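Residues per chain are reported as follows:
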Amino acid sequence: MSDQNPVFIPGPTNIPDRLRRAMQVQTQDHRSPAFVNTLTPVLAGCLTVFGASEAEIITFPASGTGGWEAAITNTLSPGDTVLVARYGMFSHRWIDMCERHGLNVQIIECPWGSGAPADKFEAALRADTAHKIKAVLVTHNETATGVRSDIGAVRGAMNAAAHPALLMVDCVSSLASMPFEMDAWGVDIAVAGSQKGFMLNTGMAILAVSDKALAAMDSATLPRTFFDFRDMLTTNAKGGYPYTPPLQLIYGMAESLNMLFEEGLENVYARHTRLAEGVRRAVEAWGLRLVAQSPELYSDTVSAIYVPDGFDSNALTEHAFATYGMSFGVGLGEMNGRAFRIGHLGSLTDAMMLSGLATIEMAMADLNYPVKLGSGVIAAQDCYRKTAKPVLTEK
Ligand code: PLP
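All values derive from a computational prediction rather than experimental measurement.

Next up on the list: the domain arrangement of the chain. Here the chain is described as being made up of domain 1 (2-12 + 265-387) and domain 2 (17-261). For domain 1 versus domain 2, the separation of C-alpha centres amounts to 28 Å. The partner domain 2 presents 29 residues to the 26 residues of domain 1 that form the contact. Buried surface at the junction of domain 1 and domain 2, both sides included, amounts to about 2200 Å², of which 62% is carbon and sulfur. On inspection of domain 1 and its partner domain 2, the count reaches 1 salt bridge. On the surface where domain 1 and domain 2 come into contact, there are 11 residue pairs in polar contact (both at pLDDT 80 or more). Those elements giving two or more residues to the side of domain 1 that touches domain 2 turn out to be α10 (265-286) and β11 (302-306). Take the side of domain 1 that touches domain 2: its biggest share by element is 4 residues, from α10.

Near the ligand there are 13 residues, and of these Ser63, Thr65, Thr143, Asp170 and Lys196 occur at the shortest range. Ser63 is positioned with one of its side-chain polar atoms (N or O) 2.6 Å from an oxygen atom of the ligand. One of the side-chain N or O atoms of Gln195 is found 2.7 Å from an oxygen atom in the ligand. Here the ligand has 380 Å² of accessible area as a free molecule, and 86% of this is covered by the chains. Judged by the fraction of its atoms near the pocket grid, the ligand is located in the second largest pocket. Here the shell around the ligand gets 3 residues from one element, more than from any other, and that element is helix α3 (residues 64-73).

Cut-offs and rules
Residues numbered from 1 in each chain as written. Predicted model: local features only at pLDDT ≥ 70, side-chain atom pairs only at ≥ 80, totals over all residues. Heavy atoms only, no water. Domains from an automatic or database assignment. Contact = heavy atoms within 4.5 Å. Buried area = accessible area lost by both parts, 1.4 Å probe. Salt bridge = Lys/Arg side-chain N within 4 Å of Asp/Glu carboxyl O. Polar contact = N/O pair within 3.5 Å; in protein donor to acceptor, adjacent residues only side chain to side chain. Helix = DSSP H or I, 4+ residues; strand = E, 2+ residues; numbered from the N terminus. Near = heavy atom within 4 Å. Areas by Shrake-Rupley, 256 points an atom, 1.4 Å probe, with all protein chains shown as cover. 1 Å grid on protein atoms, 1.4 Å probe; cavity = no way out; pocket = protein on both sides within 12 Å on 5 of 7 lines; lining within 4 Å. Sits in = over half its atoms within 2 Å of the grid points.

Here it is as structure tokens:
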């Protein structure tokens, strides 16, 4: 019966029944007008979620990693310099991908638990008087550490240095759960996926691309075929795909956008903040510590939590699954064994969240953590009771 439990990994997320039903459609001809009528509003809806007015929305049958590859191969050439800060597993993996593509990666090393250092970006960009840096790459929400970075501050740093580099942002684990402002932050390429805030299964990389990034396409010489924006844009304009699209997932995207807009994006963000706050109160009540170094960095989609000295976070997540059938995120990279993660994004209610907190508390008690059973749940209950919005309003 453990497949009845919600997951508390930071994506893929729980898939609401409404979306599972929406994806239960028979195969249709993806060259038919019916497909055009489905795809076109999906692209328009995504634009709103990205906080963009004029960007091109480009989707690929891929995961978020494919989105990264599309972003760099369409805009850069071998030997180009990119500026990136490394402060977690996902910023690290994007760096690795750039290096494997023969880019010259200028890395700012930062402690895990910190965020994108706008001041250091500004210094590096000011020093680059020859404008060799072609792109600044930033992970908005570092899923490995539960850190949200200030993308507006990075844009401010680029403007202060009057630097023309492209700004590329990974919003894989933040889009549709936390505010994202492509226009206001001057983002040139934003990369997301279907399996996090959109509450769907994995399989679609979703990008928003500015005119400036599109202009870089013609001179960029990194090899690309499957991920070539040009093929996608030509066929999208006619409501189609250059190859076979993931039809059921696109139906899912259409319904996911309906759900997000019915709830209202502001309410979606506020729900994530409340859920996250309850988790943070629980962590405090347990006497444990978040990996994120300070409150302005706290992510509303995932909390990474250090285990006490002498404990192994892998043993905790393994025990929670083996005994109670519930999944929590393991510590990644530098955090492996030292921290576990609670995902709190997508389709989740207060009651679901409390079940996760109660379960990880039982697992900690079983493994003799110095944690008082019930303390975290009480702290979260207190937070949720005080901030609850009635589901039914009295007439
Ligand atoms: N970037 C971030 C911030 C992520 O959290 C993930 C996956 O969890 C990725 C990139 C990679 O995305 P995918 O696993 O969909 O390829």
